[in-house]
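# Reading the structure
Given next are the chains, with one letter for each unit.
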Amino acid sequence: MQLALEKRAERSGTIALVSPLIAVGLTTATMIILFTILGKNPLLALHAYFIAPLTDGYSLQEIAVKATPLVMIAIGLSLCYLANAWNIGAEGQFLIGAVAGSWIAVKTQGTDAGAWVLPAMLVLAAVAGALYALIPAICKVKFGASEILTSLMLVYVADLFLDYLVRGPWRDPQGFNFPTTAEFDPVATVPLLIEGGRLHLGSVIALLVVAAAAILLGRTIRGFGIRVVGAAPRAARFGGFKANQLIILTFAVSGALAGLAGIIEVAGPVGHLQPGISPGYGFTAIMVAFLGRLNPLGILVAGLFLALTFIGGEQAQIAMKIPLDVTKVFQGILLFYVLACDSLILYRFKLVFPSRQVARGDG
Amino acid sequence: MQAHQRTLDPMSNGQHSGDSPLLRTIGLTKRYGGFLANDSIDVDIWPREIHALLGENGAGKSTLVKAIYGLIQPSAGEIRWQGQRIVLSGPSEARSLGIGMVFQHFSLFDNLTVAENVALGLDGKESFKDMSARLEQVSKTYGLPLDPHREVWQLSVGERQRIEIVRALMQDPKFLILDEPTAVLTPQEADQLFIVLERLKAEGRAILYISHKLEEVKRLCDTATILRGGRKVETCNPRLETAASLARMMVGGEIKEVKAASRRKTTVPRLVVDDLSLAPAEAHGVRLEHISFELKGGEIFGIAGVAGNGQDELFAALSGERLSKDPGTVLIEGIAAGHLSITQRRKLGAAFVPEERLGHGTAPRMKLSENALLTGHAASGMVHHGFIHTAATLKAVDRATEAFDVRKAKRDPEAASLSGGNLQKFIVGREILRAPAVLVVSQPTWGVDAGAAAVIRQALLDLATAGAAVLVTSQDLDELAEIADRIAVMFHGRLSAPLATSGATREKLGLLMGGSSLEPKEAAHAVGA
């Protein structure tokens with residue numbers, strides 16, 4: 001007797017919804033084992049991770065703030081991945097967007113520039129992110145270079161460029177030599193939604209992005225083109241959809257959203273440009289995109305869930321001295337299970353009793 | 001005891017040389033999930049016998065031979081070889097017993113020589129030199145000429161098949177399985193193959209011959225086992241049957257005759273191809289050379305030819321999947337379209353049905369409504385200002401379902417969940433219901449059951465009667481004879497002058513398919529590679 005995977009005639013819709021839940025369940029089980037090995041009470045640890053952050057308003061706001069860049073980036077990445085274009089460099093596009101937007105903030109610092117500053121920063125960040133993402137896209141389309149490698153390598157270029165700027169030309173003269181720009185002026189800052197709170201306008205923009213992506217993918221011919229190019233390239237060409245054009249488009253949109261997320265983060269929660277503005281949002285967003293099934297609403301939920309693990313991880317560190325790296329382990333295990341459970345959408349488990357063993361008996 | 005000595009007295013069952021069957025399956029069953037691909041099949045194969053395995057696509061022929069060749073394990077039942085029960089661990093064990101197989105799809109490396117390919121397929125330990133010598137000897141003995149030092153990509157399909165047959169014969173099999181060997185051959189090449197098979201039979205070997213060409217089976221085979229829906233229907237002597245009675249057993253009922261309207265009126269030229277030449281897109285692809293033809297409304301134009309002679313390239317050039325630099329090479333409804341995209345060509349009134357159903361004609365894992373949109377978005381009111389009109393796409397599915405009797409489990413399933421015949425009916429329906437002026441269709445009934453094939457051929461005839469120009473590429477000469485008004489043959493990227501179907505005998509077409517020209521002048525230059 002053995003366990004075999006059997007192909008399903010048709011994709012199972014129920015499993016597609018249930019599979020992330022199974023993955024979360026398996027991850028929790030694994031984490032319980034891990035916490036036990038670390039000598040921590042697993043129930044208290046899980047409480048600190050998943051329950052405590054949901055119990056006070058400040059943490060809830062913080063979850064939304066964390067989820068904002070994750071969701072925005074993941075939406076863009078999901079478009080790429082649906083079209084079979086593998087943008088791994090959202091982190092770099094995020095940083096370049098932050099740098100480009102900050103340029104306006106730095107240049108208008110202390111002047112009486114008006115309300116145009118923030119919108120201009122957002123637009124410039126999106127454009128810069130898009131242009132930065134177009135580098136790997138064009139290399140792929142024109143020269144066949146692997147976009148996975150080129151987009152990833154450009155992350156380090158962006159990272160070091162930002163580092164250079166804040167240590168050199170843009171360093172705050174009154175900043176005690178810390179590598180950071182001066183605090184942005186109020187006109188260069190993303191407004192808060194609640195006075196004295198943490199929630200800012202960026203979260204609203206993220207929700208609009210989710211809605212727009214849902215309409216694009218579900219209702220428009222352009223979104224259909226993106227999906228069919230990824231799902232069946234030859235059929236897509238037969239349908240008249242141009243794969244190269246869509247690779248360029250999805251990379252540009254994805255870069256723009258990452259860039260926008262970058263400037264919102266800098267001009268919002270952070271308030272100035274400095275190294276380390278991203279705890280790996282661009283990479284975590286890859287996980288968010290897959291955990292959310294490359295579906296806009298799914299991504300919204302997945303983004304909030306991963307933000308919860310960030311916040312919960314901090315609380316667990318404070319309350320139970322659980323290292324912050326455990327959060328990363330947790331996220332890694334989660335992605336592993338999500339991808340593993342995905343095979344259940346196209347396959348099902350089946351017990352088989354091979355006739356060979358029976359035959360061997362008298363053969 | 002040679003082939004020629006075989007008097008054509010019809011053998012009745014049971015009158016076999018030897019006293020026990022060489023191979024026998026008893027209650028052989030193969031289950032895939034809930035689906036019974038083979039349901040308790042009993043077949044006896046005797047030495048010195050050419051045994052036909054007949055059946056439609058999906059009848060279970062492939063499953064049965066895969067079990068006999070050790071590629072899959074039966075779920076129940078047994079296989080006996082010379083009276084002994086055997087359980088095969090894999091094809092190499094089958095080969096060591098003396099079972100050989102020639103697959104329909106060749107497994108050859110294009111960039112290796114004939115001898116290298118044969119060496120790769122053998123389990124033996126003999127040196128490459130000895131093997132090459134034996135290869136030459138076997139190919140000479142059986143009249144299967146092969147140059148061991150040529151690279152496979154330079155060879156014709158018939159020559160490639162010879163490699164597979166010689167490779168199988170070099171293991172001196174007692175029992176040889178051939179899966180639809182004539183599907184890729186010209187009629188003349190098929191005749192040569194039959195001589196070889198008769199000779200193998202005379203040597204005392206058994207042959208299992210899978211086919212759905214009934215005339216061929218009547219001519220060649222001593223016994224026929226007919227499968228339908230995974231079960232054995234009958235074992236009979238095909239020479240005592242008529243093609244119609246065999247077909248009835250295969251299909252399980254009468255096949256609808258295809259009727260052409262009495263006289264179709266041809267009108268203006270709707271598709272014109274003028275001196276179309278196109279370099280291949282990939283290595284070892286076929287270069288299209290100076291292709292010209294004119295197709296009037298109301299006419300069905302057939303293109304015959306052995307696969308791989310440029311039919312795929314021609315389809316891509318006509319559909320606009322590949323563009324031509326010169327707009328004037330393709331004219332649709334009188335408009336130069338060589339440079340236009342496939343969407344623009346559809347807007348001009350053209351429709352296309354490619355050979356490959358899954359992955360080319362449809363996106364397998366998308367719903368039928370989305371696959372209706374795939375080709376319908378250009379000009380069917382399915383898209384308004386960039387937004388998809390979902391109700392319209394579903395309606396297109398319903399219309400195709402009704403008009404072409406597409407059988408499916410629910411209203412809008414994924415394309416991959418449909419059977420080959422039903423999916424093909426959907427695809428053909430999807431295009432025909434757009435009422436195209438020009439329809440270009442490639443292998444319309446390839447791998448489709450007889451019932452669906454009749455529906456599709458009738459639909460093509462009706463479309464032409466309604467005034468459309470229909471271009472059909474097919475390897476099935478019977479199909480072209482049935483529906484086409486004129487037939488031309490593709491060979492090495494060139495298209496022969498069209499023949500009226502009435503004058504296009506199998507012999508003439510066969511000669512053209514093999515590269516000889518009816519007008520000797522042009523023939524000398526026909527081989528481009």
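Just so it is clear, the structure is predicted and the values come from calculations on it, not from any experiment.

Rules behind the numbers
- Counting restarts for each chain: residues are numbered from 1 in the order of the written sequence.
- Note on labels: chains are lettered from A, ligands numbered from 1, in written order.
- Residues qualify for local features only when their pLDDT is at least 70, as the model is predicted, and side-chain atom pairs are given and counted only at 80 or more; totals for whole chains, interfaces and linings, by contrast, use all residues.
- Hydrogens and water are ignored here; the side-chain numbers use all heavy atoms of the structure.
- Confidence scores labelled pLDDT are given residue by residue by the predictor and lie between 0 and 100.
- Whether two residues are in contact is decided by their heavy atoms, any of which lying within 4.5 Å being enough.
- We define a nonpolar core as any set of buried Ala, Val, Leu, Ile, Met, Phe, Trp, Tyr and Cys residues linked to one another through side-chain atoms lying within 4.5 Å.
- Here the term buried applies to any residue with accessible area under 20% of the maximum for its type, exposed to any over 50%, and partly exposed to those in between, with areas from a 1.4 Å probe on protein chains only.
- A pair of strands counts as paired when DSSP detects no fewer than two bridges linking them.
- Note on conventions: DSSP H or I runs of at least 4 residues are helices, E runs of at least 2 residues are strands, and numbering of each starts at the N terminus.
- What counts as an axis is a line fitted to C-alpha atoms, over the stretch in contact for a helix, and the angles between N-to-C directions run from 0 to 180 degrees.
- What qualifies as a polar contact is a pair of N or O atoms within 3.5 Å, subject to a donor-acceptor requirement within protein and to the restriction that residues adjacent in sequence count only when both atoms come from side chains.
- In a helix, the anticipated span is given by 1.5 Å times the number of residues less one.
- A residue's bend is the angle separating two fitted axes: one through the seven residues that end there, the other through the seven that start there.

## Observations concerning the confidence of the model for chain A
Caution applies to low-pLDDT regions: their predicted coordinates should not be interpreted in detail. Per-residue confidence for chain A gives a mean pLDDT of 90; residues scoring 70 or more make up 96%. In the model, residues 355-363 of chain A has pLDDT below 50 throughout and makes nine contacts with residues more than four positions away in sequence or in other chains.

## Considerations on the nonpolar core
In this structure, Met121(A) and Leu197(B) are the most contacted members of the largest nonpolar core, which totals 210 residues. Sequence-distant contacts of Leu197(B), defined by excluding residues within four places in its chain, comprise Ile50(B), Leu178(B), Ile207(B), Tyr209(B) and Leu220(B). Counting residues in hydrophobic clusters, the runner-up holds 30 residues, among them Leu288(B), Ala437(B), Val438(B) and Leu495(B).

## Some thoughts on the sheet that holds strand S8 (residues 206-211) of chain B
Residues and elements named next belong to chain B. Spatially, six strands are ordered S6-S7-S8-S3-S9-S10 in an open sheet, and the strand pairing comes out mixed. Of all the strands in the sheet, just strand S6 (99-102) and strand S10 (231-236) have a single pairing partner and so form its edges. Going across the sheet, the axis of each strand differs from the next one's by a mean of 20°, ignoring polarity. Taken together, the four bridges between S6 and strand S7 (residues 175-179) define a ladder with parallel strand orientation. When the bridges of S7 are listed, Ile99 appears paired with Phe175. Sheet contacts for helix H8 (residues 243-251): strand S3 (49-54), strand S9 (223-228) and S10; angle to S9, the most-contacted strand, approximately 35°.

## A word on the environment of Thr25(B)
Residue and element names in this part refer to chain B. Along the chain, Thr25 falls in strand S1 (residues 23-32). A relative accessible area of 1% places Thr25 in the buried class. Along the chain, Thr25 and Asp42 lie 17 residues apart, while their C-alpha atoms are 5.0 Å from each other. When sequence neighbours within four positions are dropped, the list of residues in contact with Thr25 reads Ile41, Asp42, Val43, Ile68, Glu78 and Ile79. One polar contact links the side chain of Thr25 to the main-chain carbonyl oxygen of Ile41, over a distance of 3.0 Å.

## Quick word on helix H5 (residues 117-143) of chain A
Residue and element names in this part refer to chain A. Counted at 1.5 Å a residue, the expected span for H5 with its 27 residues is 39 Å, and the 38 Å between its end C-alpha atoms agrees. Of all the bends found along H5, the most pronounced is centred on Ile135 and spans about 30°, while Pro136, a proline, follows it within four residues. Gly144 sits one or two residues past H5 and shows a positive phi near 75°.

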